[in-house]
Amino acid sequence: MLKPILLVEDDARDLELTLVALERSQLANEVIVVRDGAEALDYLLREGVHAERAEGNPAVILLDLKLPKVNGLEVLKAVRGTDPLKSIPVVMLTSSQTESDVVQSYELGVNAYVVKPVEFKQFVAAIADLGVFWAVLNEPPPGSLRAARRYE
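Residues numbered from 1 in each chain as written. Predicted model: local features only at pLDDT ≥ 70, side-chain atom pairs only at ≥ 80, totals over all residues. Heavy atoms only, no water.

Student: Can you help me understand the pattern of salt bridges in this one?
Tutor: A side chain of one charge can pair with a side chain of the opposite charge when the charged atoms of the two come close. Counted by the stated rule, this structure contains seven salt bridges. We note a salt bridge from E9 to K116, for which the minimum N-O separation is 2.7 Å. Here K116 lies in the loop between β5 (112-115) and α5 (120-137) and E9 lies in the loop between β1 (5-8) and α1 (12-24), a separation of 107 residues in the sequence. Residue class for E9 comes out buried when judged on its relative accessible area of 1%. One salt bridge connects D36 with K69, and the closest N-O pair in it is separated by 3.7 Å. (Salt bridge = Lys/Arg side-chain N within 4 Å of Asp/Glu carboxyl O. Helix = DSSP H or I, 4+ residues; strand = E, 2+ residues; numbered from the N terminus. Buried < 20%, exposed > 50% of the residue type's maximum accessible area, 1.4 Å probe, protein only.)

Next up, the structure:
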């Protein structure tokens, strides 16, 4: 069973481009889309409208920095501060090149900080590479679904 990719993006254009890019990478992972930081936390913590979702963490969280309700840095801080979530890889996927955003993201424990390319082909290639790396090539921490099957 493949773990889903959690995509947290509020911008409709960036969301569509990211979904197209992930589709072109031919990943079999389901992509769960949430549109703000509060819903991302509800999904991860299995609360609110996501209270009944199946147990298990996503393979990776692709997290926008500037989100409504709860911003990306606050989501990242909550993920890293919650034991069942803290080992999930988090990729900050943003248009911000501001040094303080980069520094703060890494200080809070982001695994990668990727600035969204402006040119479509570069954007598609960057997203496809991210998806393949985190959902297929990256070895998940012990206890995750994929690792548990391999080591039993």
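This is not the end of the story, as more comes after the structure.
Student: Would you mind showing me how to read unusual backbone geometry here?
Tutor: What is expected of a backbone is that most residues other than glycine have negative phi and most peptide bonds are trans. Of note in the backbone geometry, R46 takes a positive phi value of approximately 55° without being a glycine. Looking at the secondary structure, you find R46 in the loop between α2 (37-45) and β3 (60-63). The phi dihedral of K69 is positive, around 70°, even though this residue is not glycine. Summarising the element assignment, K69 is placed in the loop between β3 and α3 (72-80). When its relative accessible area of 70% is taken as the criterion, K69 is described as exposed.

Student: Got a minute to help me understand the pairing of strand β4 (residues 90-94) in this structure?
Tutor: With five of five residues buried, β4 is to be regarded as a mostly interior element. When β3 meets β4, the two strands line up parallel, connected through three bridges. By the bridge assignment, L63 is partnered in β4 with M92. In this fold, β3 hands off to α3, which returns the chain to β4; that crossover is right-handed. In the sheet, β4 pairs with β5 via four bridges, with the strands oriented parallel. The partner of T94 across the bridge, within β5, is V115. Handedness of the crossover is the feature at issue here: the chain leaves β4, passes through helix α4 (residues 99-107), returns alongside β5, and the resulting connection is right-handed. (Pairing = 2+ DSSP bridges. Right-handed = clockwise from strand over helix to strand, strands pointing away.)

Student: How should α1 be read in this particular structure?
Tutor: Note on helix geometry: an α-helix contains 3.6 residues per turn, so any two residues three or four positions apart are oriented the same way. End to end, α1 covers 18 Å across 13 residues, agreeing with the expected 18 Å (1.5 Å per residue, within 8%). If you check which residues of α1 are buried, you get D14, L15, L17, T18, A21 and L22. The buried side chains of α1 occupy one side of the element, clustering within an arc of 165° when seen end-on. Residues A12, R13, E16, E23 and R24 are exposed on α1 and point more than 90 degrees away from its buried face. The opening residue of α1, the one whose side-chain oxygen lies 3.1 Å from the backbone nitrogen of R13, is D11. Note on α1: the residue one or two positions beyond its end, Q26, has a positive phi of about 60°. (Expected span 1.5 Å × (residues − 1). Arc of directions from axis to C-beta. Polar contact = N/O pair within 3.5 Å; in protein donor to acceptor, adjacent residues only side chain to side chain.)

Student: Help me understand the sheet that holds strand β2 (residues 31-34), please; the structure alone is not making it clear to me.
Tutor: In a beta sheet, neighbouring strands are held together by backbone hydrogen bonds and run either parallel or antiparallel to one another. Pairing is parallel across the open sheet formed by five strands, whose spatial order is β2-β1-β3-β4-β5. Whereas interior strands pair on both sides, the edge strands pair on one side only; in this sheet they are β2 and β5. For this sheet, the mean angle separating the axes of adjacent strands, direction not counted, is 20°. (Axes fitted to C-alpha atoms, helices over the stretch in contact; angles between N-to-C directions.)

Student: Sorry if this is basic, but what is going on with the packing of aromatic side chains here?
Tutor: Aromatic ring pairs are reported here in terms of the distance separating the ring centres and the angle at which the planes meet. Across all of its chains, the model carries zero aromatic pairs by this definition. In this structure, R53 is placed above the aromatic ring of Y43, and the distance from its NZ or CZ to the ring centre is 4.2 Å. (Phe/Tyr/Trp six-rings, centres within 6.5 Å; stacked < 30°, edge-to-face > 60°. Lys NZ or Arg CZ within 6 Å of the ring centre and 35° of its normal.)

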